[in-house]
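What follows is the residue order along each chain.
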Amino acid sequence: MKNRRCGNCGSFEIGKRKINGPFRWKDFSVVYLSTPLLLAQCDACGEIMQGPGDSEKIDQAVEESLRGYTRRLIAKILERENCKQTELAARLGISPEYLSLLKTESKTPSFQTFNFLRTLAVNEGAFQIADPEIATKLAQAS
């Protein structure tokens, strides 16, 4: 890329590459894309350089990746725990309607919901600990 200089190291050696991350996005400190994007990158230091319209492309790609990953997390939890969506929604502290929108990839989850889903999917004992009645019983006891 002619006459383009890296803002990080000053190098003029810039090339287009398929990049899947990591990206910082909203509250997410690290997000990887399920489908790489063609973006400018400094050959010398690896800095990703955004051009006109790249922010919108990255936002769309990140949301698409998060929605797909969220759908897979939900499916894994529902299958492993043999529970209904309403029970999972109660444990997450979200409405069944919102969980349905996440499951169909119609909505992008918040950072908190995504991380809670990931915890429930990865840690097999977390589902039982996330029982919403525990919080109710603790509140009544105090």
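Up top is the structure these notes are about.
Each chain has its residues counted from 1, following the order in which its sequence is written. Only residues with pLDDT of at least 70 get local features here, since the model is predicted, and only at 80 or more are side-chain atom pairs given and counted; chain-wide, interface and lining totals rely on the full set of residues. The side-chain figures draw on all heavy atoms in the structure; neither hydrogens nor water molecules are used.

## Digging into the overall build of the protein chain
Inference 1: When helices and strands are counted, the protein chain shows six helices and five strands.
Inference 2: Going residue by residue from the N terminus, the α and β elements of the protein chain occur as β-β-β-β-β-α-α-α-α-α-α.
Inference 3: Taken against the 2.2 N^0.38 rule, which gives 14 Å for 142 residues, the C-alpha radius of gyration of the protein chain at 20 Å runs more than 25% over that of a compact globule.
Inference 4: Dimensions of the protein chain, computed from the C-alpha atoms along their principal axes, are close to 65 × 35 × 25 Å.
Inference 5: A buried classification covers 36% of the 142 residues belonging to the protein chain.
Inference 6: Contacts are residue-level and defined by heavy atoms, with any inter-residue pair within 4.5 Å sufficient. Counting contacts in the protein chain only where the partners sit at least 6 residues apart, residues at least 24 apart contribute 58% of the total.
Inference 7: One finds the centroid of the 20 positive side-chain charges in the protein chain at a distance of 4 Å from the centroid of its 17 negative side-chain charges. The secondary structure listing takes helices from DSSP runs of H or I that are at least 4 residues long and strands from runs of E that are at least 2 residues long, numbered from the N terminus. Just to be clear, the radius of gyration here is over C-alpha atoms, and the globule rule we use is 2.2 Å times residues to the power 0.38. Residue exposure (1.4 Å probe, protein chains only): buried if accessible area is under 20% of the type maximum, exposed if over 50%, otherwise partly exposed. Just so you know, the count uses Lys and Arg for positive and Asp and Glu for negative, and it drops His and the chain ends. To locate a charge, take atom NZ for lysine, CZ for arginine, CG for aspartate or CD for glutamate.

## A few points about the side chain of Gln41
Inference 1: Inspection of the secondary structure assignment puts Gln41 in strand S4 (residues 37–42).
Inference 2: Residue Gln41 is classed as buried on the basis of its relative accessible area, which comes to 18%.

## A word on the environment of Ser95
Inference 1: Tracing the chain through its elements places Ser95 in the loop between helix H2 (85–92) and helix H3 (96–103).
Inference 2: Each C-alpha atom of the pair Ser95 and Gln85 lies 9.6 Å from the other, and the pair is 10 residues apart in sequence.
Inference 3: For Ser95, the side chain forms a polar contact with the main-chain nitrogen of Tyr98, separated by 3.0 Å. Polar contacts here mean pairs of N or O atoms no more than 3.5 Å apart (in protein, one a potential hydrogen donor and the other a potential acceptor; neighbouring residues in sequence count only if both atoms are side-chain atoms).

## Some details on the pattern of salt bridges
Inference 1: The salt bridge criterion pairs a side-chain nitrogen of Lys or Arg with a carboxyl oxygen of Asp or Glu, the two atoms within 4 Å. Taken as a whole and assessed by the stated rule, the structure comprises six salt bridges.
Inference 2: Taking the shortest distance from any N to any O, the salt bridge between Glu63 and Arg67 comes out at 3.4 Å. Placement of both Glu63 and Arg67 in helix H1 (residues 54–81) is noted, with a separation of four residues, approximately one turn of the helix.
Inference 3: You can call Glu63 partly exposed: its relative accessible area is 25%.
Inference 4: Measuring nitrogen to oxygen at the nearest pair gives 2.4 Å for the salt bridge that ties Arg71 to Glu105. Taken together, the positions of Arg71 in helix H1 and Glu105 in the loop between H3 and helix H4 (111–122) put the pair 34 residues apart, joining distant regions of the chain.

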